[in-house]
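What the coordinates show
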Amino acid sequence: STPEILTDATDKKIVAVDHSENPLALDNIEKADVKIIIDHHGNGSLNSKGLVFYQARPIGATASIVAFAYNEFGVKMNKEMAKLLILGIMADSSNLTKATVTDSDRIVFNKLKKIAKVSDADVENLWKGMKDAAASREGMSDEDIFFSDG
């Protein structure tokens, strides 16, 4: 089933991924209980009512940080999660081509490929599909296209 899409953070327990800034968060984030922040952009303006698990690293993709956490906490990663993290790294780093990509991103990406049993050709096909989907305007109104960031 499709998960609920939250627009208001009031009285919710929140995990912020790939950002730590109030303007990028849900409405009323100041009324939420932020439990976890995982980011690679730096220390932002999010605050919490209590203790926060904060994980930030100067690397190219937040998904790399998530992959490191699996190892650090001794959690075995399954094939499906490895595939999702591969997609996250590809999206966040433009398929490892951005200047912010680090050796750590490349190392974790290659380890994830082994876990997921994904070949270089698979990665190229996934990247092409991601670029095609991002460029598609199918089903979008003129207003949606105008205000999109693509």
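In this report, the structure presented in the accompanying data block is examined. (Residues numbered from 1 in each chain as written. Predicted model: local features only at pLDDT ≥ 70, side-chain atom pairs only at ≥ 80, totals over all residues. Heavy atoms only, no water.)

Right, let's talk about the pairing of strand β2 (residues 33-39) for a bit. Of all seven residues making up β2, five are buried, and the element is well covered by its neighbours. Here five bridges tie strand β1 (residues 13-17) to β2, and the two strands are oriented parallel to one another. Its bridge partner lying in β2, I14 is registered against V34. (Buried < 20%, exposed > 50% of the residue type's maximum accessible area, 1.4 Å probe, protein only. Helix = DSSP H or I, 4+ residues; strand = E, 2+ residues; numbered from the N terminus. Pairing = 2+ DSSP bridges.)

A cluster of basic side chains, namely K76, K79, K83 and K117, defines a positive patch on the protein surface. The residue K76 is located in the loop between α1 (62-72) and α2 (79-93) in this model. Judged by its relative accessible area of 77%, K76 falls in the exposed class. (Patch = residues over 30% accessible without salt bridge, like charges linked within 9 Å, V, L, I, M, F, W, Y side chains within 5 Å. Areas by Shrake-Rupley, 256 points an atom, 1.4 Å probe, with all protein chains shown as cover. Salt bridge = Lys/Arg side-chain N within 4 Å of Asp/Glu carboxyl O. Lys, Arg positive; Asp, Glu negative; His and termini not counted. Charge placed at Lys NZ, Arg CZ, Asp CG, Glu CD.)

A surface patch of nonpolar side chains, about 290 Å² in accessible area, is lined by F53, F73 and V75. Checked against the element boundaries, F53 lands in strand β3 (residues 53-56).

A few words now on helix α3 (residues 103-116). In this model α3 runs 20 Å from its N-terminal to its C-terminal C-alpha over 14 residues, within 8% of the 20 Å that 1.5 Å per residue would give. Regarding α3, the residues found buried are D105, V108, F109, L112, K113 and A116. Looking straight down α3, one finds its buried side chains confined to an arc of 145°; they lie on one side. Turned more than 90 degrees off the buried face of α3, the exposed positions are D103, K111 and K114. Considering only its buried residues, α3 is in contact with α1, α2 and α4 (120-135). Note on α3: the residue one or two positions beyond its end, K117, has a positive phi of about 55°. (Expected span 1.5 Å × (residues − 1). Arc of directions from axis to C-beta. Contact = heavy atoms within 4.5 Å.)

Residues D8, D11, D27 and E30 make up a contiguous surface patch of negative charge. Structurally, the position occupied by D27 is in the loop between β1 and β2. On the accessibility criterion, D27 (52% relative accessible area) is exposed.

Angle between the axes and distance between the axes: these two values describe a pair of packed helices. Between α1 and α2, the shortest axis-to-axis distance is 7 Å and the interhelical angle comes to 150°. Between α1 and α2, the angle is such that the two are roughly antiparallel. Contact residues: α1 offers T62, A63, S64, V66, A67 and Y70, while α2 offers M81, L85, G88, I89 and D92. The class makeup of the residues in the contact of α1 with α2 is seven nonpolar, three polar and one charged. (Axes fitted to C-alpha atoms, helices over the stretch in contact; angles between N-to-C directions. Parallel < 35°, antiparallel > 145°, perpendicular 65-115°, else oblique. Nonpolar A, V, L, I, M, F, W, Y, C, P; charged D, E, K, R; others polar.)

Another point: the pattern of salt bridges. Applying the stated criterion to the full structure yields five salt bridges. The shortest N-O distance in the salt bridge between K35 and D33 comes to 3.1 Å. Under the relative-accessibility criterion, D33 is labelled buried at 16%. Of the charged contacts, one joins K113 and D120 as a salt bridge, the two residues approaching to 2.3 Å between their closest N and O atoms. Looking at K113, the relative accessible area reads 12%, which means it is buried. D120 gets classed as exposed once you look at its relative accessible area, which sits at 54%.

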